[in-house]
Amino acid sequence: MKLKPFVAMSMFMAASLGSHSALAAQQNEHALFANINLASNYIFRGVTQTDDQSAIQGGIDYQHRAGFYAGTWVSNVDFSGPQGRGYEQDWYVGYSFKTDPVSWDVGYKLYTYPTLDDLDFGELYANIEWQFLTSGLAYTTNADDGPNSVSDSGDLYMYITGDWKVNGLGLGATFGHYSHDRTGVPDYNHLQLYLSKDDFKFALDKNDLDEPGTGNLDDVRFWVSWGKNFDLL
């Protein structure tokens, strides 16, 4: 079985609520950002999206000082088999705000695969951050229905991340659980440990997808990425 789970949100949710997650507050009323990322593997919720090959990713984000934001993000993907290679383009709108001592981020994200069939789906998401901890959930509201479909309305993804700064290094761990509503698509857990320095991130991922038909999806994977953000406005 070929799985194409969910974003980072890579977490860029630890790694992919995707590219937009909780943009920093700006002094200007309007802010426009661009981002680019090069990764040795595109890992999304613990599962490779590029058949363990490299990925080139990038996006554009708009944010209003009041907390509203919108954006788009693109990456190459490779699910092998009949789907083969293509690209993913995500679209999202949301609102981030703070109620001391916690920060909130809520919105809707649509995952599209213009060159592939039956893979598009959309999610409502909510994330909360307190000191070094971030947690959240994403609920699938709509999904394509067809022979290649994996996602289904009613899917639920939950995660918790701890992130610490130690001597200029970022150290973190993410634990996530994906509950699938579609028959024949197994639920699973995943764990990511990561280290970041400046624009680089080094990560180790492991999931428990060891059911028949899932191949080597549960192998431990080490990957590295480099990313950069740019102010456009």
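Residues numbered from 1 in each chain as written. Predicted model: local features only at pLDDT ≥ 70, side-chain atom pairs only at ≥ 80, totals over all residues. Heavy atoms only, no water.

The next subject is the overall build of the protein. Scanning the protein from terminus to terminus reveals 0 helices and 14 strands. In sequence order, the protein lays out its α and β elements as β-β-β-β-β-β-β-β-β-β-β-β-β-β. When the accessible surface of the protein is summed, it comes to about 10900 Å², and 58% of that surface belongs to carbon and sulfur atoms. (Helix = DSSP H or I, 4+ residues; strand = E, 2+ residues; numbered from the N terminus. Areas by Shrake-Rupley, 256 points an atom, 1.4 Å probe, with all protein chains shown as cover.)

Here we take up the environment of alanine 173. Its place among the elements puts alanine 173 in strand S11 (residues 169-179). Judged by relative accessible area, alanine 173 falls into the partly exposed class, the value being 23%. Spatially, the C-alpha atoms of alanine 173 and leucine 204 are 9.5 Å apart, while their sequence positions differ by 31 residues. (Buried < 20%, exposed > 50% of the residue type's maximum accessible area, 1.4 Å probe, protein only.)

Quick look at the nonpolar core now. Tyr42, Val77, Phe79, Tyr113 and Leu116 are the most contacted members of the largest nonpolar core, which has 22 residues in total. The leading source of residues in this core is strand S5 (residues 68-78), at 3 residues. (Core = buried A, V, L, I, M, F, W, Y, C linked by side-chain atoms within 4.5 Å.)

A few words now on a negative patch on the surface. Among the surface-exposed residues, Asp187, Asp208, Asp210 and Glu211 lie close enough to one another that they form a single negatively charged patch. Mapped onto the fold, aspartate 210 is located in the loop between strand S13 (200-207) and strand S14 (221-231). (Patch = residues over 30% accessible without salt bridge, like charges linked within 9 Å, V, L, I, M, F, W, Y side chains within 5 Å. Salt bridge = Lys/Arg side-chain N within 4 Å of Asp/Glu carboxyl O. Lys, Arg positive; Asp, Glu negative; His and termini not counted. Charge placed at Lys NZ, Arg CZ, Asp CG, Glu CD.)

Direction of pairing for S5 relative to strand S6 (residues 85-99): antiparallel, over a ladder of 11 bridges. Bridge pairing in S6 places phenylalanine 68 opposite tyrosine 95. Taken together, the 11 bridges between S6 and strand S7 (residues 102-112) define a ladder with antiparallel strand orientation. Within the sheet, the bridge partner assigned to aspartate 90 lies in S7 and is tyrosine 111. Hairpin connection, S6 to S7: the antiparallel pair is bridged by 2 residues. (Pairing = 2+ DSSP bridges.)

With that settled, consider the sheet that holds strand S10 (residues 156-166). Read around the closed barrel, the 12 strands follow the order S1-S4-S5-S6-S7-S8-S9-S10-S11-S12-S13-S14; overall the barrel is antiparallel. Taken pair by pair, the neighbouring strands of this sheet meet at an average axis angle of 20 degrees, ignoring direction. In this structure, strand S8 (residues 121-130) lies alongside strand S9 (residues 133-143), joined through 10 bridges in antiparallel fashion. Across the sheet, the residue bridging to tryptophan 130 is leucine 133, located in S9. (Axes fitted to C-alpha atoms, helices over the stretch in contact; angles between N-to-C directions.)

So, about the packing of aromatic side chains. Two descriptors summarise a pair of aromatic rings, namely the distance from one centre to the other and the angle between the planes of the rings. A complete count under the given rule lists 13 aromatic pairs for this structure. Summarising the aromatic geometry, the rings of phenylalanine 97 and tryptophan 104 are spaced 6.2 Å apart at their centres and angled 10 degrees between planes, so their arrangement reads as stacked. For tryptophan 104, a relative accessible area of 32% corresponds to the partly exposed category. Here the aromatic cluster, defined as three or more aromatic residues joined through ring pairs, consists of Tyr42, Phe44, Trp73, Tyr111 and Phe121. (Phe/Tyr/Trp six-rings, centres within 6.5 Å; stacked < 30°, edge-to-face > 60°.)

Mapping threonine 72 onto the fold places it in strand S5. By relative accessible area, which is 16% here, threonine 72 ends up buried. A distance of 3.1 Å separates polar atoms of two side chains, one belonging to threonine 72 and the other to glutamine 89. (Polar contact = N/O pair within 3.5 Å; in protein donor to acceptor, adjacent residues only side chain to side chain.)

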